[in-house]
Every structure is written in structure tokens, then in C-alpha cells.
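# Observations on chain architecture
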Amino acid sequence: EIACFQRALALYPKHARAWSSLGVAGGGEVGGHAFSRSDCFQRTLALDPQNARAWNSLGVEGGGEDGGRAFNRIACFQRALALDPQFTHGWNNLGKAGGGKVGGQAFSRTACYQHALALDPQHANAWYNLGGEGGGEVAGRSYSRKKCYRRANEIDPSLNPPPRCCIYLMRCFLSQRRR
């Protein structure tokens, strides 16, 4: 797979989708130069600055530069959502990053997960993350922490609720964070 993207980029170095695909695959060498995941997404954005998925992926990598301007991970997720407000992974990732403003409106972690679930009620990671925040309302129905974890596990059985000791530590952390 990586070799295919590398060959494509050797022939067509301005192929934005091939750069993005190489980044998703973990990066690699093109034309004798090594490119990290982040480098690949930055190349994608240099060629296609309106690529919401590349902005999201750059945010997952911790941020980077585009056009000489630095973007932290939250700014990358915000940019992805400004380009595509229906991008559920962007909403979930913005929530994991602590929340932020989209379209001039502030969204908390919880609100980001709720927004992702309003767009895609089958988004297992958003359910899991909403559970980590103590639960919340989705589609007019209230879900406890336990119900969120259960819903996430129904969608994706690999997402098991954390052990009780982790939940206790999470509650302690959240109570101190809110002070």
C-alpha cells in the first residue's frame, strides 16, 4: 500500500489525495526524502487547503503548519469543521482536545460529542467519550456514563468500559479540573 502511494507521488508529486493516503498509512519516503504522517498532511494542505479530512488528520498528529502559519491541534479541528460542519470525526476529535469554537459558537467537550452523535448515532467513539464526561443528552434522551459505555460497546465490542478504579480516578481528575 505505501509503495503504491510512493510510486504515485514519484510520478505525480502534486497529487493531494496520494499525499493524504501516504500520511494515513504512516508516512514514507518519496524522491529520497522521508515524510512523516504530519509532513504528508501538510503537503496535502499545501495542494488542497480545503481538505477537511487532511485538517482533521493534521490535528490528530498534534498540529502543524500551512502556508507558513502554525496551527495547533484544536485549530486544525476547528478548520476541518469550518470546511465541513457535518464531519463527525472532527467533532469527536475537537471534544477529545477539550472543545473549542466553531462558527463563532463555543462547544465544550460534552457538546462536541453530542454534536457528533446528532450527526451519526452509530459513532462508537463519541459514545465512549461522552461516557468519559459523565454522560449527557442525545436526541432528547438522557444517557448516564454507564449507558454511554454500554452503547459504545454495542456498536463496537472492542470499546469496553474502563475498570471501576479508572472511573474513580477519572471522577477525581474531572472534579479537580472543574475547580
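First things first, this report covers the structure right here in the doc. (Residues numbered from 1 in each chain as written. Predicted model: local features only at pLDDT ≥ 70, side-chain atom pairs only at ≥ 80, totals over all residues. Heavy atoms only, no water.)

Bringing the packing of aromatic side chains into the picture now. Scanning the entire structure with this criterion turns up 5 aromatic pairs. Taking the centre distance of 4.8 Å and the plane angle of 70° together, the rings of W19 and F35 count as edge-to-face. Taken together, the residues W19 in helix α2 (residues 16-24) and F35 in strand β2 (residues 33-35) connect sequence positions 16 residues apart. Taken individually, W19 and F35 each receive the classification buried, so the pair is uniform in this respect. Ring plane angle 70° and centroid distance 4.8 Å describe the contact between W55 and F71, whose orientation is recorded as edge-to-face. Taken together, the residues W55 in helix α4 (residues 52-60) and F71 in strand β4 (residues 69-72) connect sequence positions 16 residues apart. Taken as a pair, W55 and F71 share a single burial class, namely buried. (Phe/Tyr/Trp six-rings, centres within 6.5 Å; stacked < 30°, edge-to-face > 60°. Helix = DSSP H or I, 4+ residues; strand = E, 2+ residues; numbered from the N terminus. Buried < 20%, exposed > 50% of the residue type's maximum accessible area, 1.4 Å probe, protein only.)

Pairing geometry for strand β7 (residues 135-138) and strand β8 (residues 141-144), over 4 bridges, is antiparallel. Note on β8: the bridge partner recorded for V138 is R141. Linking two consecutive strands that pair antiparallel, namely β7 and β8, is a turn of 2 residues; a positive phi of about 50° is found at A139 within it. (Pairing = 2+ DSSP bridges.)

In the sheet, strand β3 (residues 63-66) pairs with β4 via 4 bridges, with the strands oriented antiparallel. Bridge pairing in β4 links E65 to A70.

The values are spatial; any link to function lies outside them.
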